[in-house]
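# Structural overview
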Amino acid sequence: MSAFKTYDIRGRLGTDLTEAIAHRIARAFATVTGAEAVVLARDCRESSPALADAVAAGLMAQGVRVLDLGLAGTEEMYFATAHLGAGGGICVTASHNPREYNGMKLVGRGAVPLPDADFARIRALTEGHDDFATAPGGAREDRSGVRADYVAHVAGLVGQGIGPLRLVVNAGNGAAGPTLDALAEGLAKRGARLDLVRMHHDPDGSFPNGIPNPLLPENRPVTAEAAKAAGADFGVAFDGDFDRCFLFDAAGGFVDGEHVVALLAAAHLAQEAGATIIHDPRVIWAVQDAVQKGGGRSVLAPTGHVFLKAAMRRENAVYGGEMSAHHYFRGFMSCDSGMIPWLMVARLVSQSGRSLTEMVGLLRRDFPSSGEINFRVADLPAVVARVKAALEPEARSTDRTDGLSLDFGDWRMNLRASNTEPLLRLNVEARGDAGLVASGVARVRALIEA
């Protein structure tokens, strides 16, 4: 089984991904991109230092200058790639995958995703048996000091006027802790008043408190209960490489991804009237309502960071969001960040005079949704065709931006195949009536399982 997936690299250690494979990936990356300098970062997994060393060795063998950030988040790699004018960037990370996995996220110059053809060629060269030609000039440079520039950039994006707020921040023993500390210090110098209650803060690749994946319902109570116990304004939990953050209101309620997108859309439109917002088509009504009220323009893009980033650049959008907690910002190279979203929400709460609990409560009431429901089926196209044939005649409109979306006026559904697993993913939403969500799920489920 290959470690090469649709957008990035991840696989089981010792079989799909070894130090020798990592070395070949690096040499192939240098060959295909022609980069003279490449930013390298790694997460805190126990296997990541050795894999990063193998990547560095492979790059240097191709004559590449390795600009090494050390322990850092994927978004710090994005920033440094653009900031340092490097020809590409690699972050060794498996994010939220189990302990026995690791992987890499790759970008080209300007932190732009690699074209499909380049990614395919890197895979072909890696999995081939040809030797690579070596080149002189390779070196490895410590560029961990770039974090200070990253902090200044993020602080400039989120602006001033944050606080006073008390927040629980759960780093999940992933890579977020050191970066969070640097950001907190930088923001305090700009007048932010944040009382941060840190938990599971120190990076620990053995993950003593479990793999940091707050998207899983079973992993949410620890942050939710801590937020309530601390009397926090809200709670924040990060995944392993902190390119995603997840929010909890003061009552411990998990804030659904589409509601975070709606809040961030509103926050951006308050600063830039008429701006364009990109979002995925799974759950859309809360987001479109926020964009309409803010006088903006909403544009759908297929799920996945490659598609969102392309749409961001094509439409010159100020912000893009996915319900899976990936958030993209024009001021951050149109890349995703896990630090900017919670800071923007903190500013929104500080300046609006309304709590996150109040704002999200209204969104839950007005735009209830099912959450993503997964189905494992033998023939995905046949099942989608069956649902389409049964329900499309009743629909007011159909959209095929990503999967099958049917709008019935008072409820709406999206059914799409996973990009990474043999699964069908269903989302149902309604306008102000949770009962319609339940009945819609029941109707689609019966057709899927027929």
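Report on the accompanying structure. Everything numeric in this text was worked out from a predicted model, so none of it was measured.

## So, the side chain of H326
Along the polypeptide, H326 turns up in the loop between β13 (319–321) and β14 (327–329). Within the structure, the side chain of H326 is placed 3.3 Å from the side chain of D336, a separation counted as a polar contact. Every residue in contact with H326, bar those within four places of it in the chain, is listed here: D243, R244, G320, G321 and D336.

## Some points on helix α11 (residues 340–352)
Given 3.6 residues per helical turn, the α-helix brings residues three or four places apart onto the same face. The terminal C-alpha atoms of α11 lie 18 Å apart, and with 13 residues this matches the ideal 18 Å at 1.5 Å per residue to within 8%. Every buried residue of α11 is accounted for by I340, P341, W342, L343, M344, V345, A346, R347 and V349. Two residues or fewer past α11, G353 is found with a positive phi of approximately 75 degrees.

## Quick look at the pattern of salt bridges
Scanning all chains against the criterion turns up 31 salt bridges. As a salt-bridge pair, E315 and R314 come within 3.7 Å of each other at their nearest N and O atoms. Note on R314: relative accessible area 57%, which makes it exposed. Close ionic contact of R365 with D366 constitutes a salt bridge, the shortest N to O distance being 2.8 Å. Beyond isolated ion pairs, a larger network of salt bridges with shared partners links D280, R282, E322 and E372.

## Considering the layout of surface pockets
Volume-wise, the second largest pocket comes out at about 360 Å³. Contributing to the lining of the second largest pocket are 15 residues, with A266, A290, K293, R354 and L363 lying nearest its centre. Contributing elements (two or more residues each) for the lining of the second largest pocket: α8 (257–271), α9 (285–293), α11 and α12 (356–366). Take the lining of the second largest pocket: its biggest share by element is four residues, from α12. For the lining of the second largest pocket, the class distribution of residues is nine nonpolar, two polar and four charged.

Conventions adopted
Residues numbered from 1 in each chain as written. Predicted model: local features only at pLDDT ≥ 70, side-chain atom pairs only at ≥ 80, totals over all residues. Heavy atoms only, no water. Helix = DSSP H or I, 4+ residues; strand = E, 2+ residues; numbered from the N terminus. Polar contact = N/O pair within 3.5 Å; in protein donor to acceptor, adjacent residues only side chain to side chain. Contact = heavy atoms within 4.5 Å. Expected span 1.5 Å × (residues − 1). Buried < 20%, exposed > 50% of the residue type's maximum accessible area, 1.4 Å probe, protein only. Salt bridge = Lys/Arg side-chain N within 4 Å of Asp/Glu carboxyl O. 1 Å grid on protein atoms, 1.4 Å probe; cavity = no way out; pocket = protein on both sides within 12 Å on 5 of 7 lines; lining within 4 Å. Points joined across faces, edges and corners; volume = space filled by probe spheres on them. Nonpolar A, V, L, I, M, F, W, Y, C, P; charged D, E, K, R; others polar.

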